[in-house]
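Commentary on secondary and tertiary structure
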Amino acid sequence: MSQTPAPENSAPAEAFDVHAIQAKWQAHWEQDETFLAGGDADNRPRKYVLPMFPYPSGDLHMGHAENYLYSDIIARFWRHRGYNVLHPVGWDSFGLPAENAAIQRGEDPREWTYDNIAQQRASLKRYGISFDWSRVLHTSDPEYYRWNQWLFQQLHDRDLAYRKESPVNWCPNDQTVLANEQVVDGACERCGAVVVKKKLTQWYFKITDYADRLLDDLNQLEGAWPSKVLQMQRNWIGRSVGADIDFEIEGRDERITVFSTRPDTLYGATFMVVAPDSDLAAELVEGASPEVRERFQAYLSATQKQTDIERQQADREKTGVSLERFAINPINGERLPIWTADYVLADYGHGAVMAVPAHDQRDLDFARKFDLPVRVVVDTTAPITGALPVIETDDDGNLIDPEPLPSPVDTGEALTGEGRLMNSGDLNGLSQRNAISRAIEILTKRGTGRAAKQYRLRDWLISRQRFWGTPIPMVHTDDGRIEKVPADQLPVTLPQAKDLDLKPKGSSPLGAATDWVTTTDPVTGEAALRDPDTMDTFVDSSWYFLRFLSSQDPTQAFDPKNALRWAPVDTYVGGVEHAILHLLYARFITKVLFDGGLVDFTEPFSSLINQGMVILDGAKMSKSKGNLVLFSDELNAHGADALRVALAFAGPVEDDKDWKDVQTAGATKFLARALRAAGDVTSETGVKWADGDQALRRVTHRLLADAPGLVEQTKFNVVVARLMELVNAIRKTIDQGPGAADPAVREAVEVTAMILDLFAPHTAEEMWETLGYTPSISQVTWRPADPTLLVEEEVTAVVQVNGKVRAQLQVPAKIDSASLEKMAREDEKVIRSVGDKQIVKAIVRAPKIVSLVVK
Ligand code: ANZ
């Protein structure tokens, strides 16, 4: 009879009761408060390790499993290295999903939120994450959000919070304003509805005042943040350098200004384009013929249905309307017809451009469509470094152009490359770069232009017409003033949801809470109304890392002394989905606090780790696809340690990990082997390791020496692999001699337990206790590696030439074939015996033999 293989999910041969061990150590940590950060008297060096705090959208998912595992590995590592570690957790618990769920179920968003928090909290504890649980915060607690209100007022005091009416992205389904980044391909990020523009008065934070610093300070983070994230931040801020140029308009008193990155091409401007949805366009069209006005109106409404992204797509057929007005080019007095076209955006630069069709593709496409003139002003074939090209003329003095410039009108390709100026009066012959400076100089002298910068970054729209967020702490008075709620009346707390209709209506549900919204004018004592809007939840998460330092302090947002002591965060761990906004906002608020003298650093996160995603069969997990691997199921099936080891082993931190490659069964087996080795140790705790087996000690000490660097480079999978190697070496020493009593076995098992604590803390504690120590292993400091054991082992390699041994080499036992072959070829004796013959073949068996065939 053939043997049936054991089913994959049956208990492995070396099973142990993972759940019992887990429960035992979790209870111990809880009681012992093992992972509280040291207080003021603790003078060890400090590390602040922070995973991005979770949003309570149900139980934890596999992305969380990865995130908190990585921060835990790092936190545990620094404790072993002798640091006082702060590793806190809290919940980002305001936001739309809670409100939507509450509307669906007709309950208070609080219930949904705090139920989910309780579930996630229990899961995190079962996962063995070494958090300092004494500092937990929830952003939806009044104890937290009163400091959001404080922060808001700080910004307001410094003119960094203001209101303005502007076209906002409006989701007709969620009936709320969306930030630009919540609009994906013209649709609402959450519900998919097509987003429209609506004019509303909203609160903004003036992040654009900080654009230069937000950009320039990224240089500080080079090498410490993933370069991809730095690039995304740079692109988002999007600084362009150029000039503002003023154009007179026939029949209008005021000049209009355009922003251009290419003032050098001013002689090539042949028309002007204004954004159809700009105030300028509306004004310019007023004096035009009824027919033009009508065409303009139709064009404007068509434009308003397009998203900015669609409007900027390069390959779109160009459309536009002539406004029958003219601008005057300030450099040469030429008359330029003014058009309106949707590829010019109202809220970038000044909403108008000077069109240079020869050198800008969009302008060229437009000129070709509407038959507008094209004038080349940069010779892109001319060399831009070295001497100017020799200019040849024929007998009549005409220029001989050896390679005529291709005409953009014919090719349809704008000449966007660098070159030298032509057809440009005083600028002729200058390189583009010099021509830009020269043009700015001329314009500045004449008072018709100046150097200027533009940013893609816009001010941060922070008000939301929703219930489940921080109330904006301002009061609108009868006579139109807007006053701060006095500090002693903070927090402005949310009313009970049960009496309110939370369904989206286009204005905040708080506005309908009559009792709540009615208040008094803090100046006159007359009746006044509270601001009914709530804050974007990105405000909550822009400074929470500081609240962890004083989370129980009712008197201030955070104690500046604690900020001095702990902040900035040493290592921040989280998903790349927050690469832009959350990080940008946290960086901005940090700089605002720095300017207010409240912190002494300008960047909140000294280093950043972005983990990859956990996927399944190559696809993103999602509820709708039905391919979710549930965190709790996995935890129940395998226990925390096996899950943690399997995830850490599954691949580099930043890579996506496919769940089908995550080997929980293998991890369970490995942990059982490690635990069994601890049980096998027969020597006493005080035994002299140095007397032990040197081969095993070498493996142990190499790991002691290499692991710190590997952890710091987040090569966690490599450390797990090396631990597996060490456990195998221990098993071999026990089973095949010198045996379990050898001191080197104890040493190796102790080191295994200490490093395993980063990945499988429950098993590590159990091993430590089995070895005869009192808990907790998390407090054990890293042992120094013995340098004498790190010297690489050497072996003798022989080199044969045509079958005869010609040389013997002392080489490292781990030498690779290529290095060994190189050493052999460079050996003097080998060179002599090869003489002037050719080596036609080399057979290499590292580390022992190199066999050369010569002819
Ligand atoms: C003349 C010119 C000539 C331009 C040339 C470019 C090349 P970035 O780099 O993105 O900042 N522009 C200015 N305001 C605009 C608006 N509201 N909507 C659409 N386009 C606008 O691009 C700056 C360039 O984009 C500006 O420089 C302007 O065109 C255009 F050979 O001016 B340029």
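Anyway, here's the lowdown on the structure attached to this text. (Residues numbered from 1 in each chain as written. Predicted model: local features only at pLDDT ≥ 70, side-chain atom pairs only at ≥ 80, totals over all residues. Heavy atoms only, no water.)

**Remarks on the overall build of the chain**
When you go through the chain residue by residue, the secondary structure sums to 27 helices and 34 strands. The principal-axis extents of the C-alpha atoms in the chain amount to approximately 100 × 95 × 65 Å. Within the span of the chain, comprising 855 residues, buried residues form 53% of the whole. Here the analysis covers contacts within the chain between residues at least 6 apart in sequence; of these, 73% occur between residues at least 24 apart. For the chain, the accessible surface area stands at approximately 38,400 Å², while carbon and sulfur atoms represent 49% of it. With 94 positive and 124 negative side-chain charges, the chain shows a separation of 5 Å between the mean positions of the two kinds. (Helix = DSSP H or I, 4+ residues; strand = E, 2+ residues; numbered from the N terminus. Buried < 20%, exposed > 50% of the residue type's maximum accessible area, 1.4 Å probe, protein only. Contact = heavy atoms within 4.5 Å. Areas by Shrake-Rupley, 256 points an atom, 1.4 Å probe, with all protein chains shown as cover. Lys, Arg positive; Asp, Glu negative; His and termini not counted. Charge placed at Lys NZ, Arg CZ, Asp CG, Glu CD.)

**Notes on the nonpolar core**
Counting residues in each nonpolar core, the largest one holds 90 residues, and the members touching the most others are Y127, W659, I755 and F759. Here this core gets ten residues from one element, more than from any other, and that element is helix 2 (residues 62–80). Once residues within four sequence positions are removed from consideration, I755 is found in contact with L703, A707, V719, L723 and W782. Listed in part, the 65 residues of the second largest apolar core include L137, Y144, F558 and F588. (Core = buried A, V, L, I, M, F, W, Y, C linked by side-chain atoms within 4.5 Å.)

**Some thoughts on the packing of aromatic side chains**
This structure, assessed with the given rule, holds 31 aromatic pairs. Seen in terms of ring centroids, F77 and W78 are 4.9 Å apart; in terms of plane orientation they differ by 65 degrees. Their pairing is edge-to-face. We classify F77 as buried; its relative accessible area is 1%. For W78, a relative accessible area of 11% puts it in the buried group. Aromatic side chains W147 and W150 sit 6.3 Å apart centroid to centroid with 75 degrees between the ring planes, which places their arrangement in the edge-to-face category. Of this pair, W147 and W150 are both found in helix 5 (residues 142–157), three residues apart, which corresponds to roughly one turn of the helix. Among the residues examined, W147 registers a relative accessible area of 5% and is labelled buried. When the ring centre of Y343 is taken as reference, the NZ or CZ atom of K318 above it lies at 5.6 Å. If you follow R456 out to its NZ or CZ, it ends over the ring of W236, 4.8 Å from the centre. (Phe/Tyr/Trp six-rings, centres within 6.5 Å; stacked < 30°, edge-to-face > 60°. Lys NZ or Arg CZ within 6 Å of the ring centre and 35° of its normal.)

**Some points on the sheet that holds strand 26 (residues 571–575)**
Ordered in space as 2-1-26-27, the four strands form an open sheet in which the pairing is parallel. Single-partner strands in this sheet number two, and they are strand 2 (84–86) and strand 27 (608–611). Across the sheet, the mean angle separating the axes of adjacent strands is 20 degrees when strand polarity is ignored. Pairing analysis gives three bridges linking strand 1 (residues 46–51) to strand 26, with the strands arranged parallel. (Pairing = 2+ DSSP bridges. Axes fitted to C-alpha atoms, helices over the stretch in contact; angles between N-to-C directions.)

**Considering the packing of helix 2 against helix 20 (residues 640–649)**
Where helix 2 contacts helix 20, the axes come no closer than 10 Å and their chain directions differ by 90 degrees. On the basis of the axis angle, helix 2 is roughly perpendicular to helix 20. On helix 20, the residues touching A65, E66, L69, Y70, D72, I73 and R76 of helix 2 are R644, L647 and A648. Partitioning the contact of helix 2 with helix 20 into residue classes produces six nonpolar, no polar and four charged. (Parallel < 35°, antiparallel > 145°, perpendicular 65-115°, else oblique. Nonpolar A, V, L, I, M, F, W, Y, C, P; charged D, E, K, R; others polar.)

**Here we look at the site of the ligand**
For the ligand, the set of nearby residues contains 17 residues, the closest of which are S240, S260, L345, Y348 and H359. Residue S240 places a side-chain N or O atom 2.4 Å away from an oxygen atom belonging to the ligand. Y348 places a side-chain nitrogen or oxygen 2.5 Å from an oxygen atom of the ligand. Across the complex, the protein chains shield 84% of the 640 Å² of accessible surface that the ligand would expose by itself. If you list the elements that add at least two residues to the shell around the ligand, you get strand 9 (256–260) and strand 13 (352–355). Across the shell around the ligand, the residue classes break down as eight nonpolar, six polar and three charged. (Near = heavy atom within 4 Å. Polar contact = N/O pair within 3.5 Å; in protein donor to acceptor, adjacent residues only side chain to side chain.)

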